Amino acid sequence: MNASGNPILAVRDLEKTFGSLVAARDINVSVPAEQTVGVIGANGAGKTTFINMITGHLTPSKGSIQFEDKDITGLPSREITRLGISRSFQVAQVFPSLTVFDNMCIAAAIARAHGDLFGTVTTALRSPAAIAEAQATVELFQITRYRDTPANTLPQGVRKLLDIGMAVVAWPRLLLLDEPTSGISIEEKFDLMNVVMSALKSRKITVLFVEHDMEIVARFADRVLAFYDGTIIADGTPHEALDDPRVQELISGVRVKPGAGAAHA
Amino acid sequence: MAVRSRLAGVLAFLMAAAAAPLMPDWVVSLATIAFANALVVLGLVVLWRAGLVSFGQALYYCIGAYTVALTARWTGFNDAFGLVILGGIGAGLIAGLVGALIARYREIFFAMLSLALSMILYGVLVKTESLGSTDGFTVSTPTFLGFALHGDKLGLALYWLTLGIGAVAAVLVGIYFRSIAGSLAAPIRDNEIRVEFLGVSVTRIIHVKVVIAGVLGGLGGALAALSIGHVDPAMSYWTTSGGFVFVTILAGAGSVAAPFVGSLVFEAVRSFAVDALPGLWQMTLGTVLLLTILFLPDGLGSLATRWRKREGAKPT
Ligand SMILES: Nc1ncnc2c1ncn2[C@@H]1O[C@H](COP(=O)(O)OP(=O)(O)OP(=O)(O)O)[C@@H](O)[C@H]1O
Ligand SMILES: [Mg+2]
């Protein structure tokens, strides 16, 4: 792929065990800047575990994670966030009692205060810069209409966009999206992904997204990682990965729609 | 709106300061105690907003009070302002230690650990005969910038000191509420995981809240000690903590002024009930709490908000 210079993310021999259960093993990947990587695999294949290790939610049992030449293995999540890796969640994680704008403003203000304790106590939440940043991101994700709506009453799709927007408002260089379209109806999925992906492209963000819908993967990914039983069984362009016989055999939904990407390209 | 409520706060402060010389002594001392206690309640509001209740805030109240009493007794240092600041610092240091332990706990565990720590202090003080055990001991009369005052002048000076420290604390806590760390109270209540992933340590933010509440509790206890002229272990007893939580519910967490109004109402109701309905004081208290929770779940402070909303709705 367009592997110019050092990879932004390099994962080596990563492994995670829970007691006797091996949730992830022998994971080796390196991702060049600005690539969009689709992550596929059956339920329980280890996709979320993989993302949780990169973002510091879980400490790897073995192996190393390099981000922009810095070893981030085992760092706490908030430090990893500050280094420039953000994430969204399989189930959208927003602040339900706050409005869309307040959610975004909090995320923007924290990102600008660089998160250290003294900074958060001495910086006003609603600084003009944070307000401008929050407003710009609300617009970028096309949820301006819901700006003053409390997050607990949002439609699922808007909640997802807000969740991702709150990760993007910090200007991360690497973004991990865990099933951005889960809980979204088939008709809405492509619209949602179009909004998300054009927003991320406009900010030159490197993306890893977990997705079960192969049409979406084929349409939006530059590269596909296929997970099975905690490890990567295929890594290549969407065509290479989705046509791989083992992937077709082991991951449901791949074989059903061969070459689906073309329909939406 | 913000400008108007700030203006109202300044006016209320000036009126409270100017009216004092016209009020009878007992009203001045009642208001002094009310505002001293309001500082403790303001600290509880800081915690409350993040969904945390401390049933042991009397710990800091008591530490503030004993810091004042012991400093005066052991060193002879007598300046009221200096003593109160020491009380705040002493309680803040203890809160820093306590926070390292309890900032990881939530809900009933947070509440009960606070309670346990305050009862440990109570137990220690009761066992310390050199400090008068359950009787406590007398606090020497403070001086003000080198002036020794007596009688009603002393009462007035303490009142103004309390009012002034209360006003400064209210302004500072107001600024804190508008800071990022202060604004994270609702998000922490809502979703701690998300706060962590935004790059902030929830534990540290709560630790800061514990220290702020501790300093405020210490200042309140220090002022109360000077005003009452006496300290005893009951200042750390769980009923004292319960009283502060009571006033917090009565006042509500809506504004930094509410604790002062709520505490004044509480002390007024108490002195009325103790005089007029002897023996029925607890029942009166219970009834007031019940009515507050049923009809004013957001406390007395929410009356002002409702009023403002109604005014705003009116065409002008
Ligand atoms: N905290 C944990 N403790 C114990 N086991 C876990 C934990 N987290 C994940 N697992 C196990 O690790 C394996 C991989 O789970 P993971 O959540 O990574 O799968 P996934 O690929 O994201 O699946 P899905 O598509 O359902 O989201 C599963 O067997 C799961 O039960
Ligand atoms: Mg998952």
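All values reported here derive from a predicted model rather than from experimental measurement.

Reading the values: rules and limits
- Residues numbered from 1 in each chain as written.
- Chains lettered and ligands numbered in written order.
- Predicted model: local features only at pLDDT ≥ 70, side-chain atom pairs only at ≥ 80, totals over all residues.
- Heavy atoms only, no water.
- Helix = DSSP H or I, 4+ residues; strand = E, 2+ residues; numbered from the N terminus.
- Expected span 1.5 Å × (residues − 1).
- Buried < 20%, exposed > 50% of the residue type's maximum accessible area, 1.4 Å probe, protein only.
- Contact = heavy atoms within 4.5 Å.
- Donors = N, O, S within 2.8 Å, 3.2 Å for Na, K, Ca; no water.
- Salt bridge = Lys/Arg side-chain N within 4 Å of Asp/Glu carboxyl O.
- Buried area = accessible area lost by both parts, 1.4 Å probe.
- Polar contact = N/O pair within 3.5 Å; in protein donor to acceptor, adjacent residues only side chain to side chain.
- Pairing = 2+ DSSP bridges.
- Axes fitted to C-alpha atoms, helices over the stretch in contact; angles between N-to-C directions.
- Domains from an automatic or database assignment.

Before going further, it helps to spend a moment on unusual backbone geometry. Phi angles above zero are rare outside glycine, and A:Asp69 is one such case at about 70 degrees. In this structure, B:Ser133 takes a positive phi of about 45 degrees despite not being glycine.

All names here are of chain A. Compared with the 18 Å implied by 1.5 Å per residue over 13 residues, the 18 Å span of helix α5 (residues 128-140) between its first and last C-alpha is a close match. For α5, every residue scored as buried is listed here: Ala-130, Glu-133, Ala-134, Gln-135, Thr-137 and Val-138. At its buried positions, α5 is contacted by α3 (100-112) and α6 (156-168). Immediately downstream of α5, the backbone of Gln-142 shows phi near 55 degrees, a positive value.

Inspection of the secondary structure puts A:Val94 in the loop between β6 (85-88) and α3. Classification of A:Val94 as buried rests on a relative accessible area of 5%. Once residues lying within four places of it in the same chain are set aside, the contact partners of A:Val94 are A:Asn103, A:Ala151, A:Arg159, A:Leu162, A:Asp163, A:Met166 and B:Asn191.

Let's shift gears to the coordination of the magnesium ion (ligand 2). Residue and element names in this part refer to chain A. On the protein side, the magnesium ion (ligand 2) has Thr-48 (OG1) and Gln-90 (OE1) as donor atoms, found 1.9 to 2.5 Å from it. One end of the pair, Thr-48, is in helix α1 (residues 47-54); the other, Gln-90, is in the loop between β6 and α3, and 42 residues separate them in sequence. For Thr-48, a relative accessible area of 25% translates into the label partly exposed.

Our next topic: the pattern of salt bridges. Tallied over the full model, the rule gives 12 salt bridges over all chains. Notably, a salt bridge pairs A:Arg78 with B:Glu196, separated by 3.5 Å at the nearest N-O pair. One end of the pair, A:Arg78, is in helix α2 (residues 77-83); the other, B:Glu196, is in helix α9 (residues 192-197), on a second chain. Per residue, the accessibility class of A:Arg78 equals that of B:Glu196, and both read buried. In this structure, B:Arg194 and A:Asp163 form a salt bridge, with 2.6 Å as the shortest nitrogen-oxygen distance. Pair noted here: B:Arg194 is in helix α9 and A:Asp163 is in helix α6, and the two residues belong to different chains. Among the residues examined, A:Asp163 registers a relative accessible area of 1% and is labelled buried.

Taken together, the 29 residues of chain A in the interface contact 24 residues of chain B. Regarding the contact of chain A and chain B, the summed buried area is about 2,300 Å², with carbon and sulfur atoms giving 66% of it. Considering only the surface of chain A that becomes buried against chain B, A:Arg78, A:Phe95 and A:Ile110 emerge as the three largest contributors, covering 27% of it. Along the contact surface separating chain A from chain B lie two salt bridges. Seen at the junction of chain A and chain B, the total is 12 residue pairs in polar contact (both at pLDDT 80 or more).

This brings us to the sheet that holds strand β4 (residues 62-67) of chain A. Residues and elements named next belong to chain A. The sheet built from four strands is open, its strands ordered β2-β1-β4-β5 with antiparallel pairing. On the outer flanks of this sheet lie β2 (21-31) and β5 (70-71), each paired with one strand and no other. Of the strand pairs in this sheet, strand β1 (residues 9-18) and β2 are connected by seven bridges, and their pairing is antiparallel. The residue bridging Thr-17 from the neighbouring strand is Val-22, located in β2. Each of β1, β2 and β4 touches α1; the most contacted strand, β1, lies at about 115 degrees to it.

All names here are of chain A. Assigned domains within chain A: domain 1 (1-84 + 172-265) and domain 2 (92-170). Between the C-alpha centres of domain 1 and domain 2 the distance comes to 25 Å. Contact residues are listed per partner, giving 18 residues for domain 1 and 16 residues for domain 2. Together domain 1 and domain 2 conceal approximately 1,300 Å² of surface at their shared face, both sides included; 69% is due to carbon and sulfur atoms. Across the domain 1-domain 2 interface, the total number found is zero salt bridges. Our count for the domain 1 to domain 2 interface comes out at three residue pairs in polar contact (both at pLDDT 80 or more).

Turning our eyes to something else, we now look at the side chain of A:Asp178. Residues and elements named next belong to chain A. Along the chain, Asp-178 turns up in strand β7 (residues 174-178). In terms of polar contacts, Asp-178 uses its side chain to reach the side chain of Thr-48, at 2.9 Å. Ignoring anything within four residues of it in the chain, the contact list for Asp-178 reads Thr-48, Ile-51, Arg-87, Ser-88, Phe-89, Gln-90, Lys-160 and Val-210.

All names here are of chain A. Across the sheet, six strands lie side by side as β6-β7-β8-β3-β9-β10; this open sheet has mixed pairing. Sheet topology places β6 and β10 (231-236) at the edges, where each strand pairs with a single neighbour. Across this sheet, the average inter-strand angle for adjacent strands is 20 degrees, counted without regard to direction. Summarising the sheet, strand β3 (residues 36-41) and strand β9 (residues 223-228) pair through five bridges and their orientation is parallel.

What follows is about the environment of B:Ile188. Note that B:Ile188 resides in helix α8 (residues 185-190). A C-alpha to C-alpha distance of 9.0 Å links B:Ile188 and B:Ile206, two positions 18 residues apart in sequence.

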